[in-house]
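Coordinates in review
If you want the building blocks of each chain, they are given just below.
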Amino acid sequence: MTRRHLRRGLSLVAGLAMAGALLPTASSAEPQESQAGRGVPLGELTATATQVASGLVNPTAITALNDGSGRILVVEKRGVVRAYHPRTGLAAKPVLDISAKVNGADVERGLLGLAIAKDKRVYVAYTRKSDSAVTLSRVRLDTGELTELITQPHAEYPNHNGGQLAFGPDGYLYWGIGDGGGGGDPLASGQRLDTLLGKILRVDVNRACAPLRYCVPPGNPFAGVAGARPEIWSYGLRNPWRFSFDPADGSLWIGDVGQGRFEEVDHLAKGKGGANFGWSCKEGPVVFDETRCKDGATYTEPVFHYISGAEGCAVIGGHVYRGKKYAALAGGTYLATDFCQGTAWAVRKKADGTYESARIGEFPLDATTLGTDQNGELYLADERPGGLHRISFARKG
């Protein structure tokens, strides 16, 4: 293994960039929402993570249950989903256990994502035990019965499975898949359109278009393009481990784990399909492999990047804060972190279309995911020791 294993043994996000280079307390008073709703200047903002539960086993994703109960669901790599409520804590009995169908033996394989549709149907992304294919399925929480919708072979290398699932503002399901693993994109997946590897997909899971168990939305950028997979929404990604939609404007924020020089965050306006983020021609803002670059190609640049090794090792993409409790402080702020260094990174889009960023705190090390409850309040989970943390914001005194 590589730089992800320098500090301690095997870990889920530890392999996210295999073969790469080596590598204050919140105010007690609830602030009122500002008229602009954009928060204080980033240089005046701090973020803190406070542990609220323990005993998680390799958590990979956090999703609001959105049933009015106030519960959130925490996904565990082994194939188990557990519920947490602020008043009653982490429930001992799992909400779902599909471990018999999930390959969680390898570092980056396992149950990786979960999304709940408005009709309450549940979708999961995982590495299939039988052949390690990355798989999107509909699941019944009461029985654990799985209905497979999409599979992508992923047997050559165990890393870069991706796994994020989220419903967009258009009602379609988006799924991120890594480039297939190894170092330097040996399968050349990032720039290929005939594979789902290294992509974010957009599919309609509310209908079936035989022989498929889903439909391809007609607005997908490569629908009808010869030699291209029509499910592709955007491409040129290395391992889009976590992405999210801003509920205020529907835009898409992506944390894409780097090879060894840069970790990056990408941002797309609502409905903007077809973006090429450059991998493996580019890594972050620089050229990675000139032989993978194409004359005349347009690459979408990251809106934020930091140096792997010196400033971290694997970006953990987060969410734009749209909760009410800290709206006057952090409204409109995208919050992410890093697996190795735990930096709380804040990014905002400015009125002129450019972006600003700042370090606004330190979160626990080994963080693997951020998520929100149904009110937009932020949570973070760390792989080891397996804690769930609530995020708060404050203004520097």
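Cut-offs applied
Throughout this document, residue positions are counted from 1 along each chain, in the order its sequence is written. Given that this is a predicted model, residues contribute local features only at a pLDDT of at least 70 and side-chain atom pairs are listed and counted only at 80 or more, while totals for whole chains, interfaces and linings are drawn from all residues. For the side-chain quantities, the full set of heavy atoms in the structure was used; hydrogens and water were omitted. Helix and strand definitions here come from DSSP, where helices need a minimum of 4 consecutive H or I residues and strands a minimum of 2 consecutive E residues; each element is numbered from the N-terminal end. This radius of gyration counts C-alpha atoms alone. The globule rule is 2.2 Å times how many residues there are, raised to the power 0.38. Between buried and exposed lies partly exposed: a residue is buried under 20% and exposed over 50% of the maximum accessible area for its type, with that area taken using a 1.4 Å probe on protein chains only. For the charge count, each Lys or Arg is scored as positive and each Asp or Glu as negative, with His and the chain ends excluded. Think of each charge as sitting on NZ of Lys, CZ of Arg, CG of Asp or CD of Glu. UniProt positions are given in the numbering used here, feature names are shortened, and annotations may be inferred rather than shown by experiment. The pairing criterion for strands is at least two bridges between them, as found by DSSP. In this analysis a 1.4 Å probe is tested at points of a 1 Å grid over the protein atoms alone, and where it fits but cannot get out there is a cavity; an open set with protein on both sides within 12 Å along at least five of seven lines is a pocket; lining residues have an atom within 4 Å of a point. Grid points are joined across faces, edges and corners, and a volume is the space filled by probe spheres set on the points. We call Asp, Glu, Lys and Arg charged. Ala, Val, Leu, Ile, Met, Phe, Trp, Tyr, Cys and Pro are nonpolar, and the rest, Gly among them, are polar. The contact criterion used throughout is that any non-hydrogen atoms of two residues lie within 4.5 Å. Throughout this description, the term nonpolar core refers to a set of buried Ala, Val, Leu, Ile, Met, Phe, Trp, Tyr and Cys residues connected via side-chain atoms within 4.5 Å. Every case where a carboxyl oxygen of Asp or Glu lies within 4 Å of a side-chain nitrogen of Lys or Arg is listed as a salt bridge.

Taking an unreviewed UniProt entry as the reference, the protein chain is identified by name as Glucose dehydrogenase belonging to Amycolatopsis oliviviridis.

**Some details on the overall build of the protein chain**
Summing up its helical and strand segments, the protein chain has one helix and 27 strands in all. The C-alpha atoms of the protein chain give a radius of gyration of 19 Å, which matches the 21 Å a tight globule of 397 residues would have. Expressed as lengths along the three principal axes of its C-alpha atoms, the size of the protein chain is roughly 55 × 50 × 45 Å. Relative to its full complement of 397 residues, the protein chain shows a buried share of 59%. Between the mean site of the 45 positive side-chain charges and the mean site of the 41 negative ones, the protein chain shows a separation of 4 Å.

**Some remarks on the UniProt feature "domain: Glucose/Sorbosone dehydrogenase" (unreviewed entry) in the protein chain**
Under the UniProt annotation, the feature "domain: Glucose/Sorbosone dehydrogenase" (unreviewed entry) is placed at residues 58–336. Along residues 58–336 the backbone is 1% helical and 34% strand, and the end-to-end C-alpha distance reaches 19 Å.

**Points about the pairing of strand E7 (residues 111–116)**
Counting buried positions over the six residues of E7 gives six, a clear majority of the element. Note that E7 and strand E8 (residues 122–127) share five bridges and pair antiparallel. Paired with Ile116 across the bridge in E8 is Val122. The antiparallel hairpin formed by E7 and E8 contains five residues in its connecting segment, where Lys120 sits at a positive phi of about 75°.

**Let's talk about empty space enclosed by the protein**
Taken as a whole, the largest cavity spans an internal volume of roughly 60 Å³. If you go around the largest cavity, the residues you meet are Gly236, Arg238, Asp256, Val257, Gly258, Phe262, Glu264, Phe277, Trp279, Lys282, Glu283 and Gly284. Where the lining of the largest cavity is concerned, the elements lending two or more residues are strand E17 (262–268) and strand E18 (282–283). Broken down by class, the residue content of the lining of the largest cavity amounts to four nonpolar, three polar and five charged.

**Observations concerning the side chain of Ser234**
Within the secondary structure, Ser234 is located in strand E14 (residues 232–235). Apart from the residues within four sequence positions on either side, Ser234 is in contact with Lys199, Ile200, Ala275 and Phe277.

**Let's talk about the nonpolar core**
Grouped together as the largest cluster of nonpolar side chains are 38 residues, with contacts concentrated most on Leu45, Tyr334, Leu335, Ile360, Phe363, Ile391 and Phe393. Per-element tally for this core: the top contributor is strand E23 (residues 343–349), with four residues. With residues up to four places along the chain from it excluded, the contact list for Phe363 reads Ala47, Thr48, Ala49, Leu335, Thr337, Gly342, Ala344, Leu380 and Ile391. Grouped together as the second largest cluster of nonpolar side chains are 22 residues, Ala115, Leu165, Val205 and Tyr235 included.

**With respect to the layout of surface pockets**
The volume enclosed by the largest pocket comes to roughly 1,100 Å³. Around the largest pocket sit 42 residues that line it, and Asn66, Ala166, Phe167, Phe245 and Thr372 are the ones nearest its centre. Contributions of two or more residues to the lining of the largest pocket are made by strand E2 (59–64), E7, strand E11 (165–167), strand E15 (242–245), strand E21 (315–320) and strand E25 (367–372). Residue composition of the lining of the largest pocket, by class: 18 nonpolar, 17 polar and seven charged.

**Here's the deal with the pattern of salt bridges**
Within this structure, the stated rule accounts for 17 salt bridges. Of the charged contacts, one joins Asp119 and Arg121 as a salt bridge, the two residues approaching to 2.9 Å between their closest N and O atoms. Taking relative accessible area as the criterion, Asp119 reaches 41% and is therefore assigned partly exposed. Between Asp246 and Arg322 there is a salt bridge; the shortest N-O distance is 2.9 Å. You can see Asp246 sitting in the loop between E15 and strand E16 (252–256) and its partner Arg322 sitting in the loop between E21 and helix H1 (327–330), a full 76 residues away along the chain. Judged by its relative accessible area of 34%, Arg322 falls in the partly exposed class. What you see here is one network of salt bridges that share partners, running through Glu76, Arg78 and Arg82.

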